[in-house]
Amino acid sequence: MKRALITGVTGQDGSYLAELLLAKGYEVCGLVRRSSSFNTERLERIYQDPHVPDYRLRLVYGDLDDASSLNRAIRTIKPDEIYNLGAQSHVRVSFDVPEYTASTVGIGTLRLLEAIRESGLDKSVRFYQASSSEMFGGAAPPQNESTPFEPRSPYACAKVFAHQLCQNYREAYGMFIACGILFNHESPRRGIPFVTRKITRAAARIRHGLDKKLYLGNLDAKRDWGFAGDYVEAMWLMLQQDKPDDFVVATGESHSVREALDVAFGALELDWKKFVEIDPRYFRPTEVDHLHGDASKAGKALGWKPKVGFRELIEMMVKADEEDVRLAMAGRAPSA
């Protein structure tokens, strides 16, 4: 039985990846930070699955800001595969906490790579690095693996550092390190501060009279939005190849924030223009106007392609958020 270690296991991607790996027969160990409150809601369906024994999903304490905890986790777990998904991942917030963002995203990756080398597992473990389309920043679309990076946020700069560090360790030490340059990927498990989830949740709450307004920033920004459940499959496929490489993962389509509003509010027969107001606080100091990925390399080499389209994705999220609103209004806990 293969054993995988996932940093960021309690996040959107981590939870979908854990489900995928468990379905493939893996033992999954998730790295979680010590906190006074639990943050495992996204893993509830795994815990409730009678077909998944407790020993196949274990959570261990560790932190990308703490090298000793990473060393201890890797030496204890001895994973076959490591998926580095942990990060301070909100781009706008990275302008407010740039040092923390750089530490978790950039130096955190360095700490993890060094922990692998010091454990003596550098020739056996396969490592996945979650790189980001934000690294392309101001580069003209469509963006692929050869597109120069033009990062426009502390988050993007930290991701570029981590990405190039992984390339260096792959070349210098012969480590199996694959970097997935993932474009925006969403789901009903997306964090509330992120724009797609912010839109779908607000639409559901407005529809049921719980909110009156939605405040947003740049409505003209265009993104290549896919489904997180599809994208974690690409992560896994990268670590099953004979040789490590870097791959763009994207749908090949881009849509504006306005289009997301059209679909989300339209699904509930609402006119978003009556409820949305622009708030300057949500504009980035340096904006990324247009991200549009070319994933043809992943299609050819991995046999991967997205299954869920833009409209289906946004409608899926609206449906889930409306169900959560209905449950909340009925006095029941929302779905995980």
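Each remark here, short or long, concerns the structure printed above.
Residues numbered from 1 in each chain as written. Predicted model: local features only at pLDDT ≥ 70, side-chain atom pairs only at ≥ 80, totals over all residues. Heavy atoms only, no water.

Student: So what about the nonpolar core? Which residues, and what values?
Tutor: Ranked by size, the top nonpolar core spans 74 residues in total, and within it Y83, L261 and F265 carry the most contacts. Ranked by the residues each element gives to this core, the list is headed by helix 8 (residues 228–238), at eight residues. Non-local contacts of Y83, meaning those with residues more than four positions away in its chain, are made with A4, L5, I6, T7, L17, L21, Y128, M235, W236, L239 and Q240. Core analysis: the next-biggest nonpolar cluster, separate from the first, contains 23 residues, I82, V125, Y169 and C179 among them. (Core = buried A, V, L, I, M, F, W, Y, C linked by side-chain atoms within 4.5 Å. Buried < 20%, exposed > 50% of the residue type's maximum accessible area, 1.4 Å probe, protein only. Helix = DSSP H or I, 4+ residues; strand = E, 2+ residues; numbered from the N terminus. Contact = heavy atoms within 4.5 Å.)

Student: Any details on the packing of helix 5 (residues 98–119) against helix 6 (residues 154–173)? Residues and values, ideally.
Tutor: Between helix 5 and helix 6, whose axes approach to 8 Å, the crossing angle comes to 15°. Between helix 5 and helix 6, the crossing angle belongs to the class labelled roughly parallel. With respect to the hand of their crossing, helix 5 and helix 6 are arranged in right-handed fashion. In this structure, helix 5 contributes P98, T101, A102, V105, G106, I107, T109, L110, L113, E114 and R117 to the contact, and helix 6 contributes P154, Y155, A158, K159, F161, A162, L165, C166, Y169 and Y173. Looking at the contact of helix 5 with helix 6 residue by residue, the class counts come to 15 nonpolar, three polar and three charged. (Axes fitted to C-alpha atoms, helices over the stretch in contact; angles between N-to-C directions. Parallel < 35°, antiparallel > 145°, perpendicular 65-115°, else oblique. Left-handed = near helix turned anticlockwise from the far one by under 90°. Nonpolar A, V, L, I, M, F, W, Y, C, P; charged D, E, K, R; others polar.)

Student: An account of the environment of L85 is needed here, citing residue identities and associated values.
Tutor: Among the secondary structure elements, L85 is positioned in the loop between strand 4 (81–84) and helix 4 (91–94). With a relative accessible area of 15%, L85 lands in the buried category. Not counting residues up to four positions away in its chain, the partners in contact with L85 are I6, T7, G8, D13, G14, L17, Y128, A130 and M235.

Student: I'd love a proper account of the side chain of S69, names of residues and values included.
Tutor: Along the chain, the position of S69 falls in helix 3 (residues 67–77). By relative accessible area, S69 is classed as buried at 2%. Those residues in contact with S69 that sit more than four places away from it in its chain are G62 and D63.

Student: Pulling in residues and values, what's your account of the packing of helix 7 (residues 195–207) against helix 11 (residues 310–329)?
Tutor: Put simply, helix 7 and helix 11 touch, their axes get as near as 8 Å, and they point 45° apart. On the basis of the axis angle, helix 7 is oblique to helix 11. Remark: the crossing between helix 7 and helix 11 carries right-handed chirality. Seen from helix 7, the contacting residues are T196, R197, T200, R201, A204, R205 and R207; seen from helix 11, they are I314, M317, V318, D321, E322, D324 and V325. Residues belonging to the contact of helix 7 with helix 11 are distributed by class as follows: five nonpolar, two polar and seven charged.

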